[in-house]
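Per-entry structural report
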Amino acid sequence: MSATLHVTCPACAGVNRVLADRLGGGPVCGRCRAELLPGRPAELDGPGLERFIARNDLPVVVDFWSPGCGPCRMMAPQFDQAARELAPGVLLARCDVSAARDAAARHAVRGVPTLILFRRGREAARISGALPAGDITAWVRAAL
């Protein structure tokens, strides 16, 4: 029998129970019917970010970025590719630090881009600077 995981919906923040062996089957939110594991980063604000990382049983990698940051914009397609490569076992999200200053301060983000890997709501690893997709996936897999 497969373990049941709690997966937070990136659209409505509803917590869903999903069997681990069904993660690859395209599960949808029981509340809003949005894809739970879309294979692309979720765009989250400060409060949404805190709910998303605290309620997920799956690891979550958050890209703390800013629209005025050149390296952040250059890394965005690489982060999107890493999301596809790491799905469905790892969730990726973005948080704009210029719009969510409280979230950046709470997680001690000193520069952008900064990637933080969360496991069950706690920081497990951190790396700063723009990275290609292969380095992002390698870093995540090594930290897990």
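Attention here is on the structure that accompanies the text. None of these values were measured; they are calculated from a predicted model. (Residues numbered from 1 in each chain as written. Predicted model: local features only at pLDDT ≥ 70, side-chain atom pairs only at ≥ 80, totals over all residues. Heavy atoms only, no water.)

1. Things to note about the nonpolar core
Side chains that are nonpolar tend, in soluble globular proteins, to be buried together. Note the cut-off: By convention a nonpolar core is built from buried Ala, Val, Leu, Ile, Met, Phe, Trp, Tyr and Cys residues, the set being connected through side-chain atoms within 4.5 Å. Using a 1.4 Å probe on the protein chains alone, a residue whose accessible area is under 20% of its type maximum counts as buried, one over 50% counts as exposed, and one in between counts as partly exposed. Helix and strand definitions here come from DSSP, where helices need a minimum of 4 consecutive H or I residues and strands a minimum of 2 consecutive E residues; each element is numbered from the N-terminal end.
Within the largest apolar cluster, 28 residues are counted, with the highest numbers of intra-cluster contacts made by Leu49, Val62 and Phe64. The set of elements that each furnish at least two residues to this core consists of strand S1 (4–8), strand S3 (42–44), helix H1 (46–55), strand S4 (60–65), strand S5 (91–96), helix H3 (101–106) and strand S6 (114–119). Formed by 15 residues, the second largest nonpolar core is a distinct cluster that contains Val90, Leu117, Leu131 and Val140.

2. Thoughts on the sheet that holds S3
Short version of the rule: The criterion for strand pairing is that DSSP finds at least two bridges linking the strands in question. To obtain each axis, a line is fitted to C-alpha atoms, and for helices this fit is confined to the stretch in contact; angles are then taken between N-to-C directions over 0 to 180 degrees. Pairs of residues are marked as contacts when any of their non-hydrogen atoms sit within 4.5 Å.
Reading across the sheet, the 5 strands line up as S3-S5-S4-S6-S7 and stay open at both edges, with mixed pairing between neighbours. In this open sheet, the two strands that pair with only one neighbour each are S3 and strand S7 (122–128). The sheet shows a mean angle of 25° between the axes of neighbouring strands, taken without regard to direction. Where S6 lies against S7, 6 bridges are found, and the strand directions are antiparallel. Along S7, the bridge assignment pairs Leu117 with Ala125. Relative to the sheet, H1 contacts S3, S4, S5 and S6, its axis offset from that of S4 by approximately 160°. Helix H2 (residues 70–86) contacts S4, S5 and S6 of the sheet and is inclined by roughly 155° relative to S5.

3. A look at H1
What counts, and what does not: Here the arc refers to the set of directions running from the helix axis out to each C-beta atom. In protein, a polar contact means a hydrogen-donor-capable atom and an acceptor-capable atom, both N or O and within 3.5 Å, with residues adjacent in sequence counting only if both atoms are side-chain atoms; elsewhere, any N or O pair within 3.5 Å suffices.
Turning to H1, its buried residues are Gly46, Gly48, Leu49, Phe52 and Ile53. Down the axis of H1, the buried side of the element spans an arc of 155°, and every buried residue falls inside it. Those residues of H1 hidden inside the fold are in contact with S1, S3, S4, S5, H3 and S6. With a side-chain oxygen lying 2.8 Å from the backbone nitrogen of Gly48, the N-terminal cap of H1 falls on Asp45.

Honestly, it's all geometry; don't read function into it.
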